Amino acid sequence: MSRIIDGKAISALERQRIKSQTESFINESGIVPGLAVIIVGEDPASKVYVKNKHKGCLDMGFVSKIYELPENTEERELLNLIDALNLDNEIHGILVQLPLPKHLDEKKVIARINPEKDVDAFHTQNVGKIVLGEYDFLPCTPAGIMVLLRESGVTIEGKECVIIGRSNIVGKPMALLMLHANATVTICHSKSVNLPEITRRADILIVAVGKEKFVKADMVKEGAVVIDVGMNRDGNGKLCGDVDFEEVLKVASAITPVPGGVGPMTITMLLQNTLTAAKKFALQKNNLFYRRKTQKRRKNY
Ligand code: NAP
C-alpha cells in the first residue's frame, strides 16, 4: 500500500517555522522582509498564483507589493520598474510572474533583476551558483520537492533518480539538487527513447511534463517514490497531475497527490527565499544590531 506524501501538511509546518524565524529576524534587525511581484497582462492562472503569493506574504508578516501592468506594457517601462525595485530598501525579493506577453523578452527582464533580490533563482548568476552547489536561493518548486522528500524520510544518497522534463524552472535545477544530494540522476525529455524502460529504473521518479496522466503504473518500479509536479486541467476543468494517481498508487511506496502535493510547497519556498534575501540585506547593510545577534548565536552553537 502506497503512502501519500501530504504536501499541505508539510507546507503548513514549514510556514510555521518561517513565520517564527521572521518574527525573530524582525525583532533583531527592525527590518520587515518585503516581496514585490510584477504581473503583466490578464492571464487568469497567473492572477491566482499572484494572489496566493500575496496572501502567503501577509500571513508571514512580510511587506507585499503587487504591480499589475497592462498587457501592452512596453519593455522599457517594465525594466524601469525593476530598476526602481532593485534600489528600494523595503523590497528584498522581486518576482516577475511568468509567462510574460510575447512582445517582452523574458531573458532580458530576468537579467535586469538584482541577483540578490532574485527570489525565483532564475537569474544566470543564481543558476551558476546552483550548478556549483554554492547557492543563496533555490528555484521554489525543486526546493519544495527536496523538503517533501526530506520530511517524508526518503533517502536520496545512492538512489537512482529519474526526472521527466528538462525545463529551466523544474527539470534542470531538480536534477542538480538530486545530484548534490548524491543520487544517480537521469533526465528524460520528449526525444528520449524507450522512456518506460528508463523510468522503471527509478527509485525516485520526478515527473514535470505538463501532460495529464502521462505516467502509468507500467512505467514505475515497484516501491518507487513518485513526485508529480504537473498541474493540468482535465476535461472538467479539475486540477490533475502528470501521473495517473489511482494506477500508480498501487505500485509506488510513496506518491504526491495533485492537488495537495508539490503545489503548496512552491509558495512556501518563495517565502523562505524572501526571508533569506532580507537576512542577506541586513548583513550587507551592516545592520550592527542584527550582526551582533547572529554572531552571538553562532558562538552559542
Ligand atoms: P515545460 O517547460 O513545458 O517542460 C516540459 C518538459 O517535458 C520538457 O522538457 C519536454 O521535453 C518534456 N516532455 C514533453 N513531452 C514529453 C514526452 N512525451 N516524453 C518525455 N518528456 C516530454 O514544463 P514545466 O514548466 O517544467 O512544467 C511541467 C509541469 O509542471 C506543468 O504541468 C506545470 O504546470 C507544472 N508546474 C508545477 C509547479 C508547481 O508549483 N506545482 C511549478 C512549475 C511547473 P522537451 O524539452 O524535449 O520539449
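Keep in mind that what you see is a predicted model, and the values were worked out from it rather than measured. Numbers given to residues run from 1 along each chain, matching the order in which its sequence is written. Owing to the predicted nature of the model, reporting of local features is limited to residues with pLDDT of at least 70; listing and counting of side-chain atom pairs is limited to 80 or more, with chain, interface and lining totals taken over all residues. For the side-chain quantities, the full set of heavy atoms in the structure was used; hydrogens and water were omitted.

### A few points about the site of the ligand
Going by this rule: Only a single heavy atom is needed: when it lies within 4 Å of a molecule or strand, its residue is near that molecule or strand. For this analysis, a polar contact is any N or O atom pair within 3.5 Å, provided that within protein one partner can donate a hydrogen and the other can accept it, and provided that sequence-adjacent residues contribute only side-chain to side-chain pairs. In this description, accessible areas are obtained by the Shrake-Rupley approach with a 1.4 Å probe, and a residue is regarded as covered only by the protein chains that are shown. Ten residue types, Ala, Val, Leu, Ile, Met, Phe, Trp, Tyr, Cys and Pro, are classed as nonpolar, four, Asp, Glu, Lys and Arg, as charged, and the remainder, Gly among them, as polar.
Around the ligand sit 22 residues in total, of which Arg 166, Ser 167, Ser 190, Met 231 and Thr 266 are the nearest. Side-chain polar atom of Arg 166 to an oxygen atom of the ligand: 2.7 Å apart, as the coordinates give it. Lys 211 places a side-chain nitrogen or oxygen 3.1 Å from a nitrogen atom of the ligand. The fraction of the free accessible surface of the ligand (930 Å²) that becomes covered by protein chains is 72%. Along the lines of polarity and charge, the residues of the shell around the ligand split into 10 nonpolar, 10 polar and 2 charged.

### Focus: the packing of helix H1 (residues 7-29) against helix H6 (residues 140-151)
Definition in use: The axes used here are C-alpha line fits, helices contributing only the stretch in contact, and every angle between their N-to-C directions lies in the interval 0 to 180 degrees. Starting at the N terminus, helices and strands are each numbered in turn, a helix being any DSSP run of H or I of at least four residues and a strand any DSSP run of E of at least two. Between 65 and 115 degrees an angle is taken as roughly perpendicular, under 35 as roughly parallel, over 145 as roughly antiparallel, and anywhere else as oblique. Two residues form a contact once any of their heavy atoms are found within 4.5 Å.
Running from N to C, H1 and H6 cross one another at 100°; their axes reach a closest spacing of 10 Å. Here H1 is positioned roughly perpendicular relative to H6, judged by the angle of their axes. Seen from H1, the contacting residues are Gly 7, Ile 10 and Glu 14; seen from H6, they are Val 147, Leu 148, Arg 150 and Glu 151. A breakdown of the residues in the contact of H1 with H6 according to their chemical character gives 3 nonpolar, 1 polar and 3 charged.

### Comments concerning the sheet that holds strand S4 (residues 93-96)
Operational definition: When DSSP locates at least two bridges between a pair of strands, those strands are taken to pair.
Spatial strand order, S3-S2-S4: 3 strands in an open sheet with parallel pairing. The open sheet terminates on both sides in strands that have one partner only, identified here as strand S3 (63-69) and S4. Within this sheet the neighbouring strands show an average axis-to-axis angle of 15°, counted without direction. The sheet contacts of helix H2 (residues 44-60) involve strand S2 (34-40), S3 and S4, and relative to S3 the element is tilted by about 160°.

### Regarding the domain arrangement of the protein
We count it as follows: A domain assignment, automatic or from a database, supplies the domain bounds used here.
The domain architecture assigned to the protein consists of domain 1 (32-115) and domain 2 (140-255). Taking only C-alpha atoms into account, the centre of domain 1 sits 29 Å from that of domain 2.

### Looking at the sheet that holds strand S8 (residues 225-228)
The 6 strands are arranged S1-S11-S8-S7-S5-S6 in an open sheet whose pairing can be described as parallel. Whereas interior strands pair on both sides, the edge strands pair on one side only; in this sheet they are strand S1 (3-4) and strand S6 (184-188). In this sheet, strand S11 (residues 254-255) lies alongside S8 in parallel orientation, the contact comprising 2 bridges. For Val 225, the partnering residue across the bridge sits in S11 and is Ala 254.

### Digging into the pairing of strand S7 (residues 204-207)
A regular strand carries its side chains on alternate faces of the sheet. Let me state the cut-off plainly: Note on classification: 1.4 Å probe, protein chains only; a residue is buried when its accessible area is under 20% of the maximum for its type, exposed when over 50%, partly exposed between these limits.
Alternating residues of S7 divide into Ile 204 and Ile 206 and Leu 205 and Val 207, and every residue in both groups is buried. Relative to S8, S7 runs parallel, the two being bridged by 4 bridges. Within S8, the position partnered with Val 207 by the bridge is Asp 228.

### Section: H2
This is how it is decided: In this scheme, a helix's expected span is set at 1.5 Å multiplied by one less than its residue total. Think of it as the arc spanned by the lines of direction from the helix axis to the C-beta atoms.
In this model, H2 (17 residues) spans 25 Å end to end at C-alpha, consistent with the 24 Å of a helix rising 1.5 Å per residue. Considered for burial, the residues of H2 that qualify are Ser 46, Val 50, Lys 53, Gly 56, Cys 57 and Met 60. Viewed along the axis of H2, the buried residues span an arc of 120°, placing them on a single side of the element. For H2, the exposed residues set more than 90 degrees away from the buried face come down to Pro 44, Lys 51 and Lys 55. On its buried face, H2 is in contact with H1, S2, S3, S4 and helix H10 (263-284). Phi for Gly 61, located one or two positions after H2, is positive at around 85°.

### As for the nonpolar core
Which entries qualify depends on this criterion: In these notes, a set of buried Ala, Val, Leu, Ile, Met, Phe, Trp, Tyr and Cys residues joined through side-chain atoms within 4.5 Å is what counts as a nonpolar core.
Ile 145, Leu 149, Met 178, Ile 204, Ile 206, Val 225 and Ile 227 are the most contacted members of the largest nonpolar core, which has 53 residues in total. With 10 residues, the top contributor of residues to this core is H10. Looking at which domains feed residues into this core, each of domain 1 (32-115) and domain 2 (140-255) supplies at least three. Ile 145 has contacts with Met 174, Ile 206, Ile 227, Val 229 and Val 262, leaving out every residue within four places of it along the chain. Core analysis: the next-biggest nonpolar cluster, separate from the first, contains 20 residues, Ala 202, Val 220, Val 243 and Leu 249 among them.

### Here we look at the packing of H1 against H2
Helix-helix packing is characterised by the crossing angle of the two axes and by the distance between the axes. One way to put it is that H1 packs onto H2 with a least axis distance of 9 Å and a crossing angle of 55°. Comparing the axis directions of H1 and H2 gives the class oblique. Taken together, the residues of H2 that come into contact with H1 (itself represented by Arg 15, Ile 18, Lys 19 and Thr 22) are Gly 56, Asp 59 and Met 60. Looking at the contact of H1 with H2 residue by residue, the class counts come to 2 nonpolar, 2 polar and 3 charged.

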